[in-house]
Amino acid sequence: MKAKGTQRLDKVLSSLGIATRSELKKMAKQGRILVNGEIVKDTSFHLNPEQDHIHVDGQAVTYKKYIYLMLNKPPGVLSATEDLRDRTVIDLLTEQEKHFAPFPVGRLDKDTEGLLLLTNDGKLAHQLLSPRKHVDKTYFAKLDGVVGEEAIFSFQQGIQLDDGYVTMPAVLKLIGDAIQSNEIEITIQEGKYHQVKRMFEAIGRKVIYLQRIRMGNLDLDRTLPLGSYRTLTETELVQLQSIHKSKRAIKLLALDVDGTLLRDDHSLSEVNIASVQKVAASGIEVVLCTGRGAPSALPVFQQMGLSGTIISHNGAATVNGDALEVQQQIEIETPIYKELLVMLRNSQLFFDVSTATSLFVENLIPEAKKMYDLYEVEPEFISDFESLDGGVVKVTVYEPDPVRLDDFQQTLSKIMPAGITMVRSGIYFIDFMVPSVNKGVALAHYAKSRGYIPEQVVAIGNYNNDIEMLHYAGIGIAVSNSTQEVLEVADFVVASNNDDGVSDAIASYVLES
Ligand code: URA
């Protein structure tokens, strides 16, 4: 009878590459195979390969289920398991290793060299590759020219690629003399197609040589010649397997405000208050993230008896404390802002203009007054928006009729001036901001300034302007009233909505982690 954890003798031995099943059958008949000291003549015999001792022709067989190989990938081979035309990295292995059916963990381009892990351990591969895990990959590259030191800052912000995708923050190190050297080291957290090459293309440079030198905490063994490989050492394997555990302790909780933390009527449930207070008391920092201005999120902190950082205006500003001290802001350039004002005036919809800490209106319609009262915001009156010269981080159209807003969004999407982007921020608002600003980029920037890595950050949200934030955080959670797109990107979805969903998420994934 088949007991738990057992496998057929011929399966175990053939998976180790000792012989084929038919060869094993003959060998067994000849009495050459022993299990726990007894000759076994029937290869359908079941044994537990982790516990039982096998000998073949007098030699002890060491059972292993997985192999872990470090390859120094040469140029000209594909990081795939098979290909009709080209040689693959698997073709570099001997039959002994091929038996384990290893596959490359992630892809290096055909011309890229360096560290490639080959394994048949799907779980480890998933942990290293999952976009959610943000495992660092470091490359050495030679470029077709120099990049200035300002590139370091741009890479830190995330780079917009040719398809519009904005990468996670990357660390760029210029090697040697920054003025003359075309050699760099770059650490990225994702593995988008041709990512490193495309990031440099975005700043006008071409990568002429690329080599991966590190993945997670695994360094390329420089003594391995190109095309050679070796088994990972026990220490390397343990370190690689523990990569997430060591990083896990949560340090920062980022909470979307409207639709996530607050009920639809903009009130805050007792349950959510108590949970967020518990989080703060446990030493985890709480950051509020909002599409609206910081003054609208400040009363939320105050109701919870807390104070902290607010990522406001969909990431265009970050402010600290009750005095709303500006930590970061990304202004819309004045000429672009003025061009935008002309377009919005033509639309005849209501709009307001934000700086990092204030909100300006030229006039007030009754619906907008109600909206401001709900958000506990007192706008400042201004005779004309043009007199605000600088400091504008966001312009917002507010329209209580979502269908009218949909039409406007469609019309406007065709004629947006360069240097400005339109973000639907909840059903009643459209925000105009600098492109590639979003809550995720701002959260990444803030977390970095506090010395936290993504794995130490949990983000909870519900609307599409929370997607990048959920994507950045090691754990991204959606409450149940989230849009389909948010539900799809979240690591976890809690069963409750913005009445007490935050409390559920905290209980399951923050305080219990
Ligand atoms: N980025 C690239 O552009 N190519 C690679 O092979 C790896 C990362």
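In this report, we go over the structure that sits alongside the text. (Residues numbered from 1 in each chain as written. Predicted model: local features only at pLDDT ≥ 70, side-chain atom pairs only at ≥ 80, totals over all residues. Heavy atoms only, no water.)

1. Remarks on the side chain of Ser496
The following threshold applies: Only DSSP runs of H or I covering at least 4 residues are called helices, and only runs of E covering at least 2 are called strands; the numbering of each starts at the N terminus. When checking whether two residues touch, look at their non-hydrogen atoms; a contact exists if any pair is within 4.5 Å.
Here Ser496 is to be found in the loop between β29 (492-493) and α17 (501-510). Those residues in contact with Ser496, other than ones at most four positions away along the chain, are Val479, Ser480, Gly501 and Asp504.

2. Re empty space enclosed by the protein
Note the cut-off: As defined here, a cavity is a set of points on a 1 Å grid over the protein atoms alone where a 1.4 Å probe fits but cannot get out. A pocket is an open set with protein on both sides within 12 Å along at least five of seven lines, and residues line them when an atom is within 4 Å of a point. Grid points are joined across faces, edges and corners, and a volume is the space filled by probe spheres set on the points. Only Asp, Glu, Lys and Arg are considered charged, only Ala, Val, Leu, Ile, Met, Phe, Trp, Tyr, Cys and Pro nonpolar, and every remaining residue, Gly among them, polar.
On inspection of all chains with the given rule, the structure shows 3 cavities of 30 Å³ or more. Put simply, the largest cavity is a space of about 170 Å³. Lining the largest cavity are 17 residues; nearest its centre among them are Arg292, Gly293, Asp352, Leu359 and Tyr372. Here the lining of the largest cavity takes 3 residues from strand β24 (residues 394-398), the largest share from any one element. Considering only residue class, the lining of the largest cavity consists of 8 nonpolar, 6 polar and 3 charged. In this structure, the second largest cavity spans a volume of roughly 40 Å³. Taken together, Leu262, His266, Ser296, Pro299, Val300, Gln303, Tyr375 and Glu376 form the lining of the second largest cavity.

3. So, the packing of helix α11 (residues 334-347) against helix α13 (residues 402-413)
To be explicit about the condition: Angles here are taken between N-to-C directions and fall from 0 to 180 degrees, while the axes themselves are lines fitted to C-alpha atoms, restricted in helices to the stretch in contact. Orientation is classified from the angle alone, with under 35 degrees giving roughly parallel, over 145 giving roughly antiparallel, 65 to 115 giving roughly perpendicular, and any other angle giving oblique. Left-handed describes a crossing whose near helix is turned anticlockwise from the far helix through less than a right angle; right-handed describes the clockwise counterpart.
Remark: α11 packs on α13, axes separated minimally by 12 Å, with the N-to-C direction vectors making an angle of 140°. Overall, the two elements α11 and α13 adopt an arrangement that is oblique. As α11 packs across α13, the resulting crossing turns out to be right-handed. Contact residues: Met343, Leu344 and Ser347 in α11; Arg404, Phe408 and Leu412 in α13.

4. Side note on the packing of aromatic side chains
The line we're drawing: Working definition: a ring pair exists when centres of Phe, Tyr or Trp rings (six-membered ring for Trp) sit within 6.5 Å. Plane angles under 30 degrees give stacked, over 60 give edge-to-face, the rest tilted. The criterion for a charge sitting over a ring is simple: Lys NZ or Arg CZ within 6 Å of the ring centre, and within 35 degrees of the ring normal.
Applying the stated criterion across every chain yields a total of 8 aromatic pairs. A centroid spacing of 5.2 Å and a plane angle of 40° characterise the contact between Phe351 and Phe385, whose relative ring orientation is tilted. Taken together, the positions of Phe351 in strand β21 (residues 350-354) and Phe385 in the loop between β23 (380-381) and β24 put the pair 34 residues apart, joining distant regions of the chain. For Lys192, the ring lying beneath its charged end belongs to Tyr165, and the centroid distance is 4.6 Å. Here Arg292 stacks its cationic end above the ring of Phe429, 3.7 Å away from the centre of that ring.

5. Observations regarding the sheet that holds strand β5 (residues 54-56)
Keep this limit in mind: We call two strands paired when DSSP finds no fewer than two bridges between them.
One open sheet accounts for 4 strands, arranged β3-β2-β5-β6; its pairing is antiparallel. In this open sheet, the two edge strands, each paired with only one partner strand, are β3 (38-39) and β6 (59-61). The sheet contact formed by strand β2 (residues 33-35) and β3 spans 2 bridges and is antiparallel. Bridge pairing in β3 links Leu34 to Ile39.

6. Quick notes on the nonpolar core
Grouped burial of nonpolar side chains is what soluble globular proteins tend to show. Selection rule: We define the nonpolar core as a collection of buried residues of types Ala, Val, Leu, Ile, Met, Phe, Trp, Tyr and Cys that are connected through side-chain atoms lying within 4.5 Å of one another. Exposed residues in this analysis have more than 50% of their type's maximum accessible area, buried residues have under 20%, and partly exposed residues fall in between, with area computed by a 1.4 Å probe over protein chains only.
Judged by nonpolar contacts, the single largest core of 47 residues is most densely connected at Ile33, Ile54, Phe155, Leu172, Ile184, Ile186 and Phe200. Phe200 has contacts with Leu143, Val147, Phe155, Leu172, Ile184, Ile186, Arg205 and Val207, leaving out every residue within four places of it along the chain. The next biggest cluster of nonpolar side chains, apart from the first, holds 33 residues, and it includes Leu255, Leu261, Leu306 and Val494.

7. Some thoughts on the sheet that holds β23
Adjacent strands of a sheet form backbone hydrogen bonds with each other and so pair up, either parallel or antiparallel. Across the sheet, 6 strands lie side by side as β23-β22-β21-β24-β26-β25; this open sheet has mixed pairing. Two strands bound the open sheet, and with one partner strand each, they are β23 and β25 (421-424). Bridge count between β21 and β24: 5 bridges; the pairing is antiparallel. Residue pairing in the sheet places Phe351 in a bridge with Val397 of β24. On top of the sheet, α11 reaches β21, β24 and β26 (429-433); it is set at about 160° to β21, its chief contact.

8. Comments concerning the layout of surface pockets
Computed from the structure, the largest pocket encloses a volume of approximately 680 Å³. Around the largest pocket, the lining comprises 31 residues; the ones closest to its centre are Asp258, Tyr375, Gly426, Ile427 and Tyr428. The element that contributes the greatest number of residues to the lining of the largest pocket is helix α12 (residues 366-374), accounting for 4 residues. Split into classes, the residues belonging to the lining of the largest pocket amount to 10 nonpolar, 13 polar and 8 charged.

9. Structural notes on the site of the ligand
What counts, and what does not: Near, as used in this document, describes a residue that has one of its heavy atoms within 4 Å of the molecule or strand being considered. The definition of a polar contact used here is a pair of N or O atoms within 3.5 Å, where within protein one atom must be able to donate a hydrogen and the other to accept one, and adjacent residues in sequence count solely through side-chain atom pairs. To measure how exposed things are, a 1.4 Å probe is used in the Shrake-Rupley method; for residues, cover is taken only from the protein chains shown.
Every residue close to the ligand is listed here: Leu108, Asp109, Thr112, Tyr139, His194, Gln195, Val196, Lys197 and Leu210. A distance of 2.6 Å separates a nitrogen atom of the ligand from a polar side-chain atom of Asp109. Within the backbone of Val196, an N or O atom sits 3.0 Å from a nitrogen atom of the ligand. Taken by itself the ligand offers 230 Å² of open surface, and the protein chains cover 96% of this. Tallying contributions element by element places helix α6 (residues 195-202) first for the shell around the ligand, with 3 residues.

10. A closer look at the packing of helix α9 (residues 270-281) against α17
Relative to each other, α9 and α17 sit at 35°, their axes nearing to 7 Å. Helix-helix and strand crossings are classified by hand; for α9 and α17 the assignment is left-handed. Of α17, the residues touching α9 (which contributes Val271, Asn272, Ser275, Val276 and Val279) are Gly501, Val502, Ser503, Ile506 and Val510. Considered class by class, the residues forming the contact of α9 with α17 number 6 nonpolar, 4 polar and no charged.

11. So, the environment of Tyr68
With respect to the secondary-structure elements, Tyr68 resides in strand β7 (residues 68-73). By relative accessible area, Tyr68 is classed as buried at 11%. Between the C-alpha atom of Tyr68 and that of Gly122, which follows or precedes it by 54 residues, the distance is 11 Å. Polar side-chain contacts of Tyr68 include one of 2.5 Å to the side chain of Asp121.

12. Quick look at helix α10 (residues 294-303)
Burial analysis of α10 places 7 of its 10 residues in the buried class, the great majority of the element. Among all positions of α10, only Ala294, Ser296, Ala297, Leu298, Pro299, Val300 and Phe301 are buried. Taken together, the buried residues of α10 touch β17 (285-289), β18 (309-312) and β19 (317-320). Positive backbone phi, approximately 70°, marks Gly305, located one or two places after α10.

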